[in-house]
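Breakdown of the fold
What follows is the residue order along each chain.
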Amino acid sequence: MSHFTAFEVPSYHKLLLPVDGGMVTYPTLEQKKAIIENTVGALHTMGYDCPKVGIVACVEKLNPKMPETVEGDALKQMNLRGEITGCIIEGPISYDCAVSKEIADFKGFESPCASDCDVLVAPNIHAGNLMGKMLTVTAGAKMAGFIVGAKCPIGMVSRGSTPEEKYLSIVLAAAAAR
């Protein structure tokens, strides 16, 4: 099971889904694979054909001293080998390259996911939770969230969520349960 969140960010051209900021505390490589599979499966149910998944780190290059980049590269390789299907995975990718064409171009970062990610896989629960709270509190995003990977979706939002976010979470969970 993992936490699925979707954010409508005023400055981004589509829904943005940072995962997992609410359930899996320090996911292993295999757990990150499962988080991706859970998220992509829910997105397919909601009509996405091939979501773009970014494995977020603070840099875009593999650095053996940075586990987040090593795992990002490993997940990308799993995708290229067909071990994770139904999506395009880029990793490692920095947050700014994942959501900004200007920054990706400036850095010379070329990828089908650059500036067009649907999903951002956080290295741990802290990073995922911080991304979500920064998007809602300081960027004015609307949020919906629920648990995927169980027999049915389980609504789960922040304690500080608005009634609208709670309602949107129920609606999104229902869409994923179709």
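So, here's what we can say about the structure.

Criteria and cut-off values
Residues numbered from 1 in each chain as written. Predicted model: local features only at pLDDT ≥ 70, side-chain atom pairs only at ≥ 80, totals over all residues. Heavy atoms only, no water. Helix = DSSP H or I, 4+ residues; strand = E, 2+ residues; numbered from the N terminus. Buried < 20%, exposed > 50% of the residue type's maximum accessible area, 1.4 Å probe, protein only. Polar contact = N/O pair within 3.5 Å; in protein donor to acceptor, adjacent residues only side chain to side chain. Contact = heavy atoms within 4.5 Å. Pairing = 2+ DSSP bridges. Right-handed = clockwise from strand over helix to strand, strands pointing away. Core = buried A, V, L, I, M, F, W, Y, C linked by side-chain atoms within 4.5 Å. Patch = residues over 30% accessible without salt bridge, like charges linked within 9 Å, V, L, I, M, F, W, Y side chains within 5 Å. Areas by Shrake-Rupley, 256 points an atom, 1.4 Å probe, with all protein chains shown as cover. Salt bridge = Lys/Arg side-chain N within 4 Å of Asp/Glu carboxyl O.

What follows is about the side chain of S94. Note that S94 resides in the loop between β4 (88-93) and α3 (95-99). Classification of S94 as buried rests on a relative accessible area of 3%. Here the side chain of S94 touches D96 through a polar contact of 2.4 Å, side chain to side chain. The contact partners of S94, leaving out residues within four places of it in the chain, are A57, C58, V59, E60 and K107.

Summarising burial for strand β3 (residues 52-56): five of the five residues are buried, a large majority. Here β3 shows two buried faces, one formed by K52, G54 and V56 and the other by V53 and I55. The pairing of β3 with β4 spans four bridges and is parallel. Looking at β4, one finds that V53 is bridged to I89. One crossover worth recording links β3 to the parallel β4 by way of helix α2 (residues 67-80), and it is right-handed. Sheet topology places β3 next to strand β5 (residues 119-121); three bridges connect them, and they run parallel. By the bridge assignment, I55 is partnered in β5 with V121.

Right, let's get into the nonpolar core. If you look at the biggest cluster of nonpolar residues, it comprises 26 residues, and the most contacted ones within it are F4, I36, V53 and I89. Contributing elements (two or more residues each) for this core: β1 (2-8), β2 (17-19), α1 (29-45), β3, α2, β5, β6 (142-148) and α6 (163-176). For this core, the element with the most residues is α1, which contributes five residues. Setting aside anything within four residues of it in sequence, one finds F4 in contact with L17, V19, T39, A42, L43, M46, A144, G145, F146, V148 and L172. Core analysis: the second largest hydrophobic core is formed by 20 residues, L16, C97, A141 and M143 among them.

Turning to a nonpolar patch on the surface, a few remarks are in order. Taken together, the side chains of M1, M23 and I154 define a hydrophobic patch exposed on the protein surface, amounting to about 270 Å² of accessible area. For I154, the position within the fold is in strand β7 (residues 154-155). Given the relative accessible area of 39%, I154 is considered partly exposed.

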